Amino acid sequence: MRLTVAGLQTVGTPGDVAANLAELDEAAGDALTRGADLLITPEMFLTGYDIGEQLHQLSPQDLVSEAAAVARRRGIALLVGLPEQVGEAVYNTVALIDADGTVVAQHRKSHLYGDLDRAYYTEGDDAVTVVDFRGVRLGLMICYDVEFPENVRAAALLGAHALLVPTAQMVPFTFVADVVIRTRAWENQMFVAYINHVGTERETTYVGRSSIVGPDAEVIDRLEDGTGLVLGVVDTDVVEAAHRDNPYLVDRRPDLYAGIARVVSPG
């Protein structure tokens, strides 16, 4: 099976949901015209990521329904970053929405990064969310989640053909976008779509460098700077061939790693 995915790298409009929905609508139309089945936005795209106390004003809105209306209108699936409020808790969430507006899955960021994340968000409980979508098995993570190899290996062991990672990667961590993402694709024989912001929000400057990477670690498409789309085709046959050619998953020795989660962290 094949699934064409597009990723929107953008500055967005921090704190302005209506403007971001309008940009999502335009980008969805563009992605569909270019043959995409699914459009991915950056982390927290609908509100902005580093927006301070504005988050509390915007998170109670039903932003998933707003995004679903765009998916229905344009006839394309979306993976959209947004805040999700549940009671007093606010999660940094991505919602996978089919072209008919059906919410297929949601993933809450499980590994919070730094003071900014911890000041506003509650951590999710799942290392990865894996879902079957149009014959392709997709893993969903957010930003810092992908920097933990345990998370990505869990996605691979659950059979993910592609890992979709909306992110808000900032200076000085360009090496994550340039090197770590290719490594994650290679060591797990999967496609990885890593879709970032660009520009600046408050004190945060983003590195851009959105990319779609194949299981062989080769970059299929990449946008270093500026606003635009990256596109790539996730092909399950390519993943199966990669598993045969580079058998990390079958050559593993889980008996040697059984205690790894119980090892005390340094410090």
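Below is a short write-up of the structure. (Residues numbered from 1 in each chain as written. Predicted model: local features only at pLDDT ≥ 70, side-chain atom pairs only at ≥ 80, totals over all residues. Heavy atoms only, no water.)

Things to note about the sheet that holds strand β9 (residues 191–195)
- Taken in spatial order, the six strands line up as β6-β7-β8-β9-β12-β13 in an open sheet, and their pairing is mixed. Sheet topology places β6 (129–133) and β13 (219–223) at the edges, where each strand pairs with a single neighbour. Geometrically, the sheet is characterised by an average inter-axis angle of 15° between neighbouring strands, direction not taken into account.
- With three bridges joining them, strand β7 (residues 136–140) and strand β8 (residues 162–166) adopt parallel strand pairing. Counted as the bridge partner of Gly-139 is Leu-163 from β8. (Pairing = 2+ DSSP bridges. Helix = DSSP H or I, 4+ residues; strand = E, 2+ residues; numbered from the N terminus. Axes fitted to C-alpha atoms, helices over the stretch in contact; angles between N-to-C directions.)

Side note on the nonpolar core
- One finds Leu-24, Leu-39, Leu-46 and Leu-78 to be the most contacted residues of the largest nonpolar core, which totals 38 residues.
- Secondary-structure elements contributing two or more residues to this core are β1 (2–9), α1 (17–33), α2 (54–58), α3 (63–74), β3 (77–86), β4 (89–97) and β14 (228–235).
- Sequence-distant contacts of Leu-39, defined by excluding residues within four places in its chain, comprise Ala-6, Gly-7, Leu-8, Leu-24, Ala-27, Ala-28, Ala-31, Ile-76, Ala-77, Leu-78, Leu-79 and Leu-229.
- Of all hydrophobic cores here, the second largest spans 26 residues; its members include Val-5, Leu-79, Val-94 and Ile-142. (Core = buried A, V, L, I, M, F, W, Y, C linked by side-chain atoms within 4.5 Å. Buried < 20%, exposed > 50% of the residue type's maximum accessible area, 1.4 Å probe, protein only. Contact = heavy atoms within 4.5 Å.)

Section: α3
- For α3, spanning 12 residues, the distance from its first C-alpha to its last is 17 Å, which sits close to the expected 16 Å at 1.5 Å a residue.
- Taken as a whole, α3 has its buried residues at Leu-63, Val-64, Ala-67, Ala-68, Val-70 and Ala-71. Buried residues of α3, seen end-on, are gathered within an arc of 155° and therefore sit on one face of the element.
- On the buried face of α3, the contacting elements are α1, α2, β3, β4 and β5 (103–108).
- One or two positions beyond α3, positive phi appears at Gly-75, with a value near 70°. (Expected span 1.5 Å × (residues − 1). Arc of directions from axis to C-beta.)

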